Amino acid sequence: MKRLLALTATAFILLPLSPALAHDGTPGAPGAGDPYFPGQGNGGYDAGHYDLSLDYDPSSGRLTGVTKITARATQALSRFNLDLVSTLSVRSVTVDGRPAVFAQSGNELVVTPARSLGSGRDFSVVVRYDGRPVHVVDPDGSLDGWIKTSDGVYNVNEPQGAMTWYPGNHHMTDKATHRFTVTVPSSRVAVANGDLVAKWSKGGHTTSVWDSREPMASYLATVTIGKFEFADARIGGYRVTTAVDPKLAGDAKGFPERHPPVLDYFSSIFGPYPFSSTGGIIDHAPEVGYALETQTRPVYPRVPSESLLAHELAHQWFGDSVTPTLWRDIWLNEGFATYSEWLWLDKLGTRTVQVAFDAAYATPAEDEFWQSPPADPGGPENLFHDPVYDRGAMTLHVLRLEVGDPAFFAILRAWASDYKYGNADTAAFVALSERVSGKQLDALFEAWLFKPGKPTV
Ligand SMILES: [Zn+2]
């Protein structure tokens, strides 16, 4: 319904515009309007595809990049912004092949094309840049972005790291397909999202080309580089691409084969796996300490346990394919992935979902845990707090008990299919749950998602 409205509005605006008007235009907004990260993303255009060429030297830490963005103007644009840290130096920008004026300020690259862009117009931007990328530190203190390791880069970008290595519209509401052409010394392996489509070596360097054909929010992109044991094979009906740091290879035996059983189970309850390939990257990065559900191919700082593997693979449906609209709605990622861990461990016979719920619910009412409601974490410093995960998962279990298994799993399947490759917020989930179950559920969601304090069961 939302998407239909947007299409109608575009068609309506396009038709009455005179050619003269189309060449006026105003600056695109410098942010997408997310209160947690006001500078993130930009207004005035919609990116459709990123074609990245990256050349990285792990010993000097030097990156040379060319990013070509194909986009459509959503307003008449006199200029527009891309998100890119100014520690990287932009050498040139063209719009539709013509040199554009550009300026770097903070995390914004401001581009003024030679001629303004009419609303609805498709255009392409090519940015040439280089420098030594450095990670950012997030409001919660965690490292994010292009994180150097002893042998390369551990590249995870939630919530704001993408701007540390490529220019773009880096808010999760602007999803786009990606292609990565990455050149590294032949002693290293570069692994990105999607399918490996080409690889060649020349003069001591190896180039690999990765095609991410399904739309992706840029916080889910990765180009992870290091010394890796690499494998790419069809297993159990999936294309499983894995890279494992040799230091961890012993414990990682059988890592590729662990994916199909989890994906088969989740497909049976959530609907078909949404991507063309799967796998994972296990890198030795003790300084990072967290895994991320990078699209098609999560990055892990250690060999994942069954619950961590299930968590990151469940995110492929919940987070990667269906992505929140605002960072505040992060429980739609983490609550769902945590509940999926509970489901997988129940399936394995390790622990029932009810036992997992009871253990979390046993947290005393006076504990701080209950003071932060999952759908209103209060700020970016709380994005990855426990309540977002555990109370988010508990919310789903309470919903399941209220509506019964058939309606509950129908809700999860509808969520995954109705918003496939798109974005949705908490209000949409509440509305969908009520529609599918035929029940009035506002009191339940209000108590579990929005109100501080321990809800009664
Ligand atoms: Zn997660």
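Since the model is a prediction, treat every value here as computed from it, not as a measurement.

**Some details on the packing of helix 7 (residues 386–403) against helix 10 (residues 442–450)**
Step number 1: Viewed as axis vectors pointing N to C, helix 7 and helix 10 meet at an angle of 165°, and their least axial separation amounts to 9 Å. The angle between the axes of helix 7 and helix 10 places the two elements in the roughly antiparallel class. Crossing geometry of helix 7 relative to helix 10 is assigned as right-handed. Contacts between helix 7 and helix 10 involve Arg 391, Met 394, Thr 395, Val 398, Leu 399 and Glu 402 on the former and, on the latter, Leu 444, Phe 445, Ala 447, Trp 448 and Leu 449.
Step number 2: The residue makeup of the contact of helix 7 with helix 10, split by class, is eight nonpolar, one polar and two charged.

**As for the UniProt feature "domain: Peptidase M1 membrane alanine aminopeptidase" (unreviewed entry) in the chain**
Step number 1: The positions that UniProt labels "domain: Peptidase M1 membrane alanine aminopeptidase" (unreviewed entry) are, in the present scheme, residues 306–448.
Step number 2: Overall, residues 306–448 shows 61% helix and 3% strand. The separation of its end C-alpha atoms is 27 Å.

**As for unusual backbone geometry**
Step number 1: A cis amide bond, omega 5°, links Glu 158 with the succeeding residue Pro 159.
Step number 2: Note that Pro 159 resides in the loop between strand 12 (153–156) and strand 13 (176–185).
Step number 3: Phi is positive for Asp 96, which is not a glycine, with a value near 50°.
Step number 4: By the element assignment, Asp 96 lies in the loop between strand 5 (89–95) and strand 6 (98–99).

Cut-offs applied
Residues numbered from 1 in each chain as written. Predicted model: local features only at pLDDT ≥ 70, side-chain atom pairs only at ≥ 80, totals over all residues. Heavy atoms only, no water. Axes fitted to C-alpha atoms, helices over the stretch in contact; angles between N-to-C directions. Helix = DSSP H or I, 4+ residues; strand = E, 2+ residues; numbered from the N terminus. Parallel < 35°, antiparallel > 145°, perpendicular 65-115°, else oblique. Left-handed = near helix turned anticlockwise from the far one by under 90°. Contact = heavy atoms within 4.5 Å. Nonpolar A, V, L, I, M, F, W, Y, C, P; charged D, E, K, R; others polar. UniProt positions renumbered as here; feature names shortened; annotations may be inferred.

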